[in-house]
Structures are given as C-alpha cells and as structure tokens.
Amino acid sequence: MTSKKGRVFSGARPTGRQHIGNYFGAIRNYVKLQDDYDCIYCIVDLHALTTLDTTRDLRQNTLEMAWDWLAAGMDPKRSIIFVQSMVRQVTELHTILSMVTPLGKLTDLPTFKEKVRENPKNINYGLVGYPVLMSADIALYRADVVPVGIDQAPHVEFARETVRSFNFRYNTNALIEPKEKFTEFPKILGIDGVNKMSKSLNNDIELAATAEETTARVMQMVTDPARQRRSDPGNPDICNVFSLHKMFTPPEKVAEINIECRRAGIGCVDCKRILAANMNAYFAPLREKRRVFENDPEGTWDMLRDGAARASLLAEETMVDVRAAVGLPALQKG
Ligand code: AMP
Ligand code: TRP
C-alpha cells in the first residue's frame, strides 16, 4: 500500500444485502475515501456471532454483502477487502485489549443495553466484549480514520479510549488513536419514518432489490401522519419520503415538492412514485454491475482471501510491536 493522507478502516457485520441506510451512512464514504487514503474494509463475521443463534446463512450473507460493496465501487485493486475471521491476530489483540478495559464501561454502553433489550436470552460474554473486538479491528491496522454511521460513534470513541489506555499502561505508542468520519447523511430512517433503517426491524430498502420491490417498499413508507386526506397540506420537514428525495431527486424538483406538499399541490402517492422512479434509476447501474459478481462466488472468495493475506502482513507488523510493548516473548528470534 502506498501512503496517502492516512489509513482508513471500517467494518460491517455480514447482514446480507445492504440497505440504503448502509449505503448513504457508510458505503458512499468507503468508496470516496479510496481516492485519498489507504483503505481497509472488513466483513466482521466474528462480530456477527455475538447475536446469531444459527450460522447457517453466514457464508451466503458474507457474499451478498461483498457483492453490494463491489457493485457500489469498492475496489480490491485499490483497497484491502477481507473477512475478519481470516486474520487471526485480531482475536489475540482483542484478548490483550480486554485487560485494559473496565467491565463497567462495557455494560454501561447504550449499544450494549439495546442488545440486551432486543435479545434478553442471548447475553453472552462475546456480546459484552463486542466493542473491544471492534477496537482490536481498528487498532490492528493502525487506522486513524473510521467511516461509520452515527450509531457507531460511541464505539469509535470507545476504541480511541482503549488505545489510549493501552498506550498509557504499557508506555508505548504502538497503537494509533482513531477518529470517526460521517457522511452528510449519518442516520437514515426506515420506511416506518421513526426508527433507524435496519434489517432487523424490517424497515429497510435493499440496494439490490428489483425495481418492483423497491417501488412496493417506497409505497409503504409512512409520511407526515397529520396529513390524512389528499387535500390536507403536508409538512416535508417531518416526512421521511421528503428526506429521501434529497438523495435521489434533482434539487430543483426537491424545491418544487417542498412547496407543493405544503399547499397540497402534490399528494403522497405521486410524491412516492417520483421517489421510487428516481431511486430505481439511481441504483440501476449498481444492480447491473452486481450481477457480474453474483455469477462468480469463487472469484469473490479468492478476492477476500487475497485481501486477508495482505491484511495479515499489516496485522503481524502491529502485533510484533504490541507483544514487545506488553512484555510477551517474541515469536521470531532476533
Ligand atoms: P451494520 O449493518 O449495522 O453493521 O452497519 C454497517 C454500517 O452502516 C455502519 O457504519 C453503520 O453505522 C451504518 N448504518 C447502518 N444503518 C444505518 C442507517 N440507518 N443510517 C446510517 N448509517 C447506517
Ligand atoms: N460495530 C460495527 C457495526 O455494527 C461493525 C464494526 C466492527 C466496525 N468492527 C468495526 C465498524 C471497525 C468500524 C470499524 O456496524
């Protein structure tokens, strides 16, 4: 890798097909940052194990996600793209970092409490340590920039503090403190218009959906709840259909909808039709490109293994310094 402005690392759990929240919150930045940074992108399958009770679909979900990434313009020639479990040093660094992590800090995190609420029967040890593994991901590759959606900000802050504690405890600068980076849309709401778009809430719109599926999802979107009849004026400021128009619809048309909605000049059905058509036009090239990758799953695994081999070299460089700083014996003589 050539050294550009710095090093970028980000990861996402293999949830299968990605949605427009992932796309506008994270993937668009992953693609853009490739121009100026050395970028490393990881499908974090070990993290996924913290909440899964079956791993039946894990490999397929890994592929589905990789295909969306590649189709969106993430480029394995310019960046390292790999699967977390393929570079084993991350579990070693996770263990070492866990020793500088106060347990109470983990159990106090809002993200942990949310998982406990969602799934009270599966509170495993790994789930508590989720942010420590994430810190290990970032620190292992000495990344200073971490593109994520806003929901991950507490985790990146946690990683920064973990690195600081490690460097302080062992009087070293072996690890680098990371900082988060957001897109201009760091939190996309789902079709319910209330919650963050998320696969587990089934309020998402997939990038790789067909045009018909996309239109059907858009038509289900919740708009301004106070607008009951077509003749009622609407309020675009609280309407998620309007928010999404800003991503897919030319600015002049967005300005027109803004005016027409407020005076009931346009109805929600027509407004959604325009959105669905623009969304389908926007994602048409991505969907076409994706088909090429879908036809070659073996090629995708080769690409991911190649990425892991390149990532392993960087990981081992860091671990040599970490082991020395901690006082563990070196693996190689000399
Ligand atoms: P996840 O699929 O939850 O592992 O998220 C992968 C990446 O997408 C992370 O950087 C998230 O912060 C981001 N992300 C997920 N959902 C949304 C959303 N609704 N709006 C913005 N960013 C999101
Ligand atoms: N926790 C992140 C999420 O749920 C995924 C993740 C794991 C990650 N390791 C990371 C994100 C390192 C950024 C950097 O989306």
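Refer to the structure above for everything that follows.
Residues numbered from 1 in each chain as written. Chains lettered and ligands numbered in written order. Predicted model: local features only at pLDDT ≥ 70, side-chain atom pairs only at ≥ 80, totals over all residues. Heavy atoms only, no water.

J.: Requested: an account of the side chain of Glu 260, with residues and values cited.
T.: By the secondary structure assignment, Glu 260 is in helix H12 (residues 251-262). For Glu 260, the side chain forms a polar contact with the side chain of Arg 263, separated by 2.4 Å. If sequence neighbours within four positions are ignored, Glu 260 has contacts with Gly 265 and Ile 266. (Helix = DSSP H or I, 4+ residues; strand = E, 2+ residues; numbered from the N terminus. Polar contact = N/O pair within 3.5 Å; in protein donor to acceptor, adjacent residues only side chain to side chain. Contact = heavy atoms within 4.5 Å.)

J.: Lay out the pairing of strand S1 (residues 7-12) in plain terms, naming residues and giving numbers.
T.: Every regular strand shows the same layout, with side chains that alternate between the two sheet faces. Here S1 runs beside strand S2 (residues 38-43); their pairing, made up of 6 bridges, is parallel. Counterpart to Ser 10 in the pairing with S2 is Tyr 41. At this point the chain moves from S1, through helix H1 (residues 20-33), to the parallel S2, and the crossover so formed is right-handed. (Pairing = 2+ DSSP bridges. Right-handed = clockwise from strand over helix to strand, strands pointing away.)

J.: Run through the packing of aromatic side chains, naming residues and quoting values.
T.: The final tally for this structure, using the stated rule, is 14 aromatic pairs. Plain terms: the ring middles of Tyr 23 and Phe 24 are 5.0 Å apart, the flat faces sit at 85 degrees to each other, and that makes the pair edge-to-face. Take Tyr 23: its relative accessible area is 10%, and that puts it in the buried class. Phe 24 gets classed as buried once you look at its relative accessible area, which sits at 1%. Cluster of aromatic residues (ring-pair linked, three or more members): Tyr 23, Phe 24, Phe 185, Phe 248, Tyr 282 and Phe 283. (Phe/Tyr/Trp six-rings, centres within 6.5 Å; stacked < 30°, edge-to-face > 60°. Buried < 20%, exposed > 50% of the residue type's maximum accessible area, 1.4 Å probe, protein only.)

J.: Could you give an account of unusual backbone geometry, with specific residues and numbers?
T.: For Asn 202, which is not glycine, the phi torsion reads 50 degrees and is therefore positive. Along the polypeptide, Asn 202 turns up in the loop between strand S5 (179-181) and helix H10 (211-219).

J.: Quick one: what's the story with empty space enclosed by the protein, residue by residue and with numbers?
T.: Scanning the model with the defined rule gives 1 cavity of 30 Å³ or more in all. Its boundaries defined by the atoms lining it, the largest cavity holds a volume of some 100 Å³. Taken together, 15 residues form the lining of the largest cavity, with Arg 227, Cys 239, Cys 261, Cys 268 and Cys 271 sitting closest to its centre. Among the elements of the structure, helix H11 (240-248), H12 and helix H13 (268-294) are those that each provide at least two residues to the lining of the largest cavity. Here the residues of the lining of the largest cavity sort into 9 nonpolar, 4 polar and 2 charged. (1 Å grid on protein atoms, 1.4 Å probe; cavity = no way out; pocket = protein on both sides within 12 Å on 5 of 7 lines; lining within 4 Å. Points joined across faces, edges and corners; volume = space filled by probe spheres on them. Nonpolar A, V, L, I, M, F, W, Y, C, P; charged D, E, K, R; others polar.)

J.: Describe the side chain of His 155, and please don't skip the residues or the numbers.
T.: Residue position: His 155 is located in helix H9 (residues 153-169). Relative accessible area serves as the criterion here: at 5%, His 155 is assigned to the buried category. Of note is the side chain of His 155, whose polar atom sits 3.0 Å from the side chain of Thr 111. The contacts of His 155, once residues within four sequence positions are left out, are Leu 109, Thr 111, Tyr 130, Pro 131 and Met 134.

J.: Kindly report on the site of ligand 1, identifying the contributing residues and their values.
T.: What surrounds ligand 1 is a group of 17 residues, the closest being Arg 13, Gly 149, Asp 151, Ile 188 and Met 197. Between Arg 13 and ligand 1, the recorded distance is 2.9 Å, taken from a side-chain N or O atom to an oxygen atom. In the model, a nitrogen atom of ligand 1 is placed 3.3 Å from a nitrogen or oxygen of the Gly 21 main chain. Here ligand 1, which alone exposes 480 Å², has 94% of that area covered by the protein. Ranked by the residues each element gives to the shell around ligand 1, the list is headed by H1, at 4 residues. A per-class count over the shell around ligand 1 returns 6 nonpolar, 7 polar and 4 charged. (Near = heavy atom within 4 Å. Areas by Shrake-Rupley, 256 points an atom, 1.4 Å probe, with all protein chains shown as cover.)

J.: For the packing of H11 against H13, give the residues involved together with the corresponding values.
T.: Packed helices, taken two at a time, are described by their axes: the angle between them and the distance between them. Two elements in contact, H11 and H13, have axes separated by 10 Å at closest approach and are oriented at 35 degrees. Considering the relative orientation of H11 and H13, their crossing is left-handed. Seen from H11, the contacting residues are Val 241, Leu 244, His 245, Met 247 and Phe 248; seen from H13, they are Cys 271, Lys 272, Ile 274, Leu 275, Asn 278, Met 279, Tyr 282 and Phe 283. (Axes fitted to C-alpha atoms, helices over the stretch in contact; angles between N-to-C directions. Left-handed = near helix turned anticlockwise from the far one by under 90°.)

J.: Explain helix H4 (residues 89-98) to me, using residue names and the numbers behind them.
T.: Note: α-helices contain 3.6 residues per turn, so residues at a spacing of three or four share the same orientation. Every buried residue of H4 is listed here: Gln 89, Val 90, Leu 93, Ile 96 and Leu 97. Summarising the axial view, the buried residues of H4 lie within an arc of 125 degrees, below the 170-degree limit, and thus occupy one face. Against helix H2 (45-48), helix H8 (130-140), H9 and helix H14 (297-326) lie the buried residues of H4. (Arc of directions from axis to C-beta.)

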